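# Coordinate analysis (summary)
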Amino acid sequence: MTIVAGMSVTIWHNPKCGTSRNALAMIRATGVEPEVVLYLETPPAPAVVAKVAEAVGGAHKLLRVQGTPAADLGLEDATDGAILAAMKEHPVLINRPVVMGPGGIVLARPSEKVMEVLDGTLPDDFRKEDGKPAKL
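Throughout what follows, the structure given in this document is the object of discussion. (Residues numbered from 1 in each chain as written. Predicted model: local features only at pLDDT ≥ 70, side-chain atom pairs only at ≥ 80, totals over all residues. Heavy atoms only, no water.)

## Notes on the side chain of N95
Relative to the elements of secondary structure, N95 occurs in the loop between α4 (80-89) and β3 (98-101). Among the residues examined, N95 registers a relative accessible area of 10% and is labelled buried. Setting aside anything within four residues of it in sequence, one finds N95 in contact with K61, L62, L63, R64, L107 and R109. (Helix = DSSP H or I, 4+ residues; strand = E, 2+ residues; numbered from the N terminus. Buried < 20%, exposed > 50% of the residue type's maximum accessible area, 1.4 Å probe, protein only. Contact = heavy atoms within 4.5 Å.)

In structure tokens, the structure reads:
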């Protein structure tokens, strides 16, 4: 898996997530076929998660709370180390989509943030899955 992006693009993807599906569609609409990591099935190595957390502003920024055991695990006020350790055991705690591209690493929430790390541009007629244009 690419962490420091050269010309490649990697997305940590959850196909059940609309934001993740939209980010993936945006990447593909720029003419790039990314490496798609289904992180719930194949969790990234802890060192990789730590580097991504650092790039997006810390483990708290990368922590997904909604629909996860974050509260039950007491992670809302936990240290970055405790959050990263919990992410190793519970990859559902990793917020998505994370995209690594030529411009760096971004947590693409909203999905339009993916464009911050891509070299390409979206076609003028691009629509997200709800039919609305991307807000760039």
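Here the narrative resumes.
## Looking at the pattern of salt bridges
All chains considered together, the criterion is met by four salt bridges. Between R21 and E129 there is a salt bridge; the shortest N-O distance is 2.6 Å. In this pair, R21 sits in helix α1 (residues 18-29) while E129 sits in the segment after β4 (104-107), placing the two residues 108 residues apart along the sequence. Assessed through its relative accessible area of 32%, R21 is described here as partly exposed. The salt bridge partner of R28 is E33, with a shortest N-O separation of 2.9 Å. (Salt bridge = Lys/Arg side-chain N within 4 Å of Asp/Glu carboxyl O.)

## A look at the sheet that holds β4
What the four strands build is an open sheet, ordered β2-β1-β3-β4; its pairing is mixed. The open sheet has two edge strands with one neighbour each: β2 (35-37) and β4. Here the strands of the sheet are splayed against their neighbours by 15° on average, with no regard to which way each runs. Alignment of strand β1 (residues 10-12) against β3, held across three bridges, turns out to be antiparallel. Across the sheet, I11 pairs through a bridge with V99, a residue of β3. Most of the contacts of α1 go to β1, to which it runs at about 170°, and overall it touches β1, β2 and β3. Sheet strands in contact with helix α2 (residues 46-56) are β1, β3 and β4, and its direction is about 80° off that of β4. (Pairing = 2+ DSSP bridges. Axes fitted to C-alpha atoms, helices over the stretch in contact; angles between N-to-C directions.)

## Concerning the environment of A86
You can see A86 is positioned in helix α4. When near neighbours in sequence (up to four residues on either side) are disregarded, A86 contacts L73, L75 and L93.

## A closer look at the packing of α2 against α4
Taken N-terminus to C-terminus, the directions of α2 and α4 make an angle of 130°; their axes are 10 Å apart at the nearest point. Considering the angle they form, α2 stands oblique to α4. Crossing of α2 over α4 shows right-handed handedness. Where α2 abuts α4, its residues P46, V49, A50 and A53 lie against L84, M87 and K88. Within the contact of α2 with α4, the residues separate by chemical class into six nonpolar, no polar and one charged. (Parallel < 35°, antiparallel > 145°, perpendicular 65-115°, else oblique. Left-handed = near helix turned anticlockwise from the far one by under 90°. Nonpolar A, V, L, I, M, F, W, Y, C, P; charged D, E, K, R; others polar.)

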